[in-house]
Amino acid sequence: MADISKHMTKACDMSLGNAFVPVEYYTSPDYFRREQDMIFRRAWLMVGRMDEVPEPGDYIVREVPTLKANVVIARGKDGQVRAFHNACSHRGVALVCQPRGNTMTFRCPYHAWLYRIDGSLSAIPGEQDFPHVDKAANGLAGIHLDTWGGFIFLNFAQEPEVSLSQFLAGLDVMLDGAPFEQFPFCIRVTDEIDCNWKNLVNAFNEGYHVAVLHNKTLRPAVVPKDNPHLHYLDVKQFGPHSTGTVQRNFDYNPDAPALTWVYAQMLPTSAPDLDAIKQGRAGFHDHPGINRLKIENFGTETITVFPNISIQPLANGYLFYQFWPISERRMRTEVRIYSRHAPRTLREEYAMASTLAATRDVVVEDMAMSRLQQIGMESGGKTHQQFGQNEPLLRMFTRDYEAYLAGAAM
Amino acid sequence: MNHVQLPPQFAFLEPFVDDWGSLATQDERYRKRQDLSQAKLEAFHAALAPRLEEVFTYLDTFDPAALPAAEALLFRVVLGLTEASQAVEILGQPRIPHAPYPHTVNMEWVGYQPH
């Protein structure tokens, strides 16, 4: 690629003139309440993978902290995957108490009301005292569920305004067939931070900070000479979702004996596998919707799914980041590092633990900065943040955030 | 009551057993790294990093799911280097700049029980 600069998408290329964004969006309890109602109760929310419940009877319990929802996702005898609120119809107990398992029935530990794996109410002990309860109408409360690419999405509206496919607005079409299923094993990293969730959304939507904040961790591996501010390349938007291509330094070769040993055992999630690329078995590398420019030093495609997901397909797996608001100044981050398989040897366990530590340190840098950002914004001296021409996805997110809050059609 | 000893050929790691030998999770290792001096982390790294291949050539001869006590202790000590090397090879300091201290992070290997 002779001149990479012509592929550096600027805000003006996307007609995004909203350079100034009120700090209030990030500090006000009122905005948080509007986000709960107008975004998180309307949008499709990604919460897991179908391969977490591969067999009939498999279930997982997921929290959606923004809505205080506790959700059971279960595969029925019929193979269908359903989602329910984890609340007994009798007196509300969150009856499924294990984070995952396999069963054909859920039994409430309080009075033993019994539910089938499809959520229907099967038995009430002492049923003669509940003549007013129609069992057929008293199953666990369902939540709309749909899937794309093996990802499970929930919608908490009574009736979703749009289908999942309409919501994804073409992102699903461009990434159709991307081989996420080749990487079924994951390590989950979770933490809660004193900051607004959008601080983290924004951090993953620009590369401008990488050479500075991640000076020691990421910069040597990913910031190339011809793109010192790590502009995202070839940004595409699909409704409120987006994707942009990020480079990498293929000649990254640190003078670091422990890291070098790790590379020789099992390549970290992000490190290019040159043999696999040559042989056409490099996971996401050959998918037509990823690295559309065919740059030689392809690092990742950073895929943002509104409102709170970032997915980065990498050479040997992918990273999944999710940002849940808990209040206007508190959030939960979940990072999942997906790989081809669980460790098969102690060498691989060491290598994966090393990659875990390295990935976590980078994310902790982002979280640390988001906390400082919150302190600064809450201090009250500034009424606005300002987004550069090199931060188009921050402007785009803000545009769509405002549209959702205003109740615009999806 | 740590009466388990390292396999004799790895006695050079004895000075690091107190710090790393009883830690059971990655988060405990991450916490330990935050509390050790950079000098201690560098000494551990200097002793072990050049000899990782030697350690694992030895550990290769055991069933990973049924490590005897001495080898399990060895592996726990060695896993400490996954954190120490971040401080020594990458950050140049034990703690991540600007991060809260003490800092803990929940890390779960889904469907796999790490050592």
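Residues numbered from 1 in each chain as written. Chains lettered and ligands numbered in written order. Predicted model: local features only at pLDDT ≥ 70, side-chain atom pairs only at ≥ 80, totals over all residues.

## Quick word on the environment of B:Glu71
Keep this limit in mind: Secondary structure elements follow DSSP: runs of H or I of four or more residues count as helices, runs of E of two or more count as strands, with numbering from the N terminus.
As for its position among the elements, B:Glu71 is in helix α5 (residues 69–91). Considered as a pair, B:Glu71 and B:Pro50 are 21 residues apart in the sequence and their alpha carbons are 19 Å apart.

## Focus: unusual backbone geometry
The peptide bond linking A:Phe306 to A:Pro307 adopts the cis configuration, its omega dihedral lying at 5°. Its location among the elements puts A:Pro307 in the loop between β15 (298–305) and β16 (309–314). Geometrically, the link from B:Tyr101 to B:Pro102 is a cis peptide bond, its omega value of -10° lying close to zero. Tracing the backbone shows B:Pro102 in the loop between α5 and β1 (106–109).

## Remarks on the packing of helix α2 (residues 26–35) of chain B against α5(B)
All names here are of chain B. Which entries qualify depends on this criterion: To get an axis, fit a line to the C-alpha atoms, keeping to the stretch in contact for a helix; angles then go from 0 to 180 degrees between the N-to-C directions. Each angle is binned into one of four classes, with values under 35 degrees roughly parallel, values over 145 roughly antiparallel, values of 65 to 115 roughly perpendicular, and all other values oblique. A crossing counts as left-handed when the near helix is turned anticlockwise from the far one by less than a right angle, and as right-handed when that turn is clockwise. Note that contacts rest on C-beta atoms placed from the backbone: two residues are in contact if these are within 7 Å. Residues are grouped as follows: Ala, Val, Leu, Ile, Met, Phe, Trp, Tyr, Cys and Pro are nonpolar; Asp, Glu, Lys and Arg are charged; every other residue, Gly included, is polar.
Packing of α2 against α5 leaves a shortest axis separation of 9 Å and a crossing angle of 45°. With respect to each other, α2 and α5 are oriented oblique. α5 is crossed by α2, and the crossing has right-handed handedness. In contact with Arg-29, Tyr-30 and Arg-33 of α2, α5 contributes Leu-79, Gly-80, Thr-82, Glu-83, Ala-84 and Ala-87. Residue classes in the contact of α2 with α5 are distributed as four nonpolar, two polar and three charged.

## Structural notes on the interface of chain B and chain A
Taken together, the 34 residues of chain B in the interface contact 33 residues of chain A. When residues of the side of chain B that touches chain A are traced back to their parent elements, those giving at least two are α4 (52–59), α5 and β1 of chain B. Per-element tally for the side of chain B that touches chain A: the top contributor is α5(B), with eleven residues. Class assignment for the residues of the side of chain B that touches chain A results in 20 nonpolar, ten polar and four charged.

## A closer look at the sheet that holds strand β8 (residues 114–116) of chain A
All names here are of chain A. Using the following cut-off: Being paired, for any two strands, means DSSP has found at least two bridges between them.
The three strands are arranged β7-β8-β9 in an open sheet whose pairing can be described as antiparallel. Across the chains shown, the open sheet's two edge strands, defined by having one partner strand only, are β7 (105–107) and β9 (121–123). Strand-to-strand, the axes of this sheet are offset by a mean angle of 35°, without reference to chain direction. Alignment of β8 against β9, held across two bridges, turns out to be antiparallel. Looking across to β9, one finds that Leu-114 is bridged to Ala-123.

## Quick look at the domain arrangement of chain A
By a widespread convention, an interface's size corresponds to the accessible area lost as its parts come together. Residue and element names in this part refer to chain A. Cut-off, in case you're wondering: In this entry, domain limits derive from an automatic or database-based domain assignment.
Each assigned domain of chain A is listed here: domain 1 (4–41 + 170–405) and domain 2 (45–159). Distance from the C-alpha centre of domain 1 to the C-alpha centre of domain 2: 32 Å. Taken together, the 15 residues of domain 1 in the interface contact eleven residues of domain 2. Secondary structure elements with two or more residues in the side of domain 1 that touches domain 2: α2 (29–40) and β17 (317–327). In terms of residue count, the dominant contributor to the side of domain 1 that touches domain 2 is β17 (three residues).

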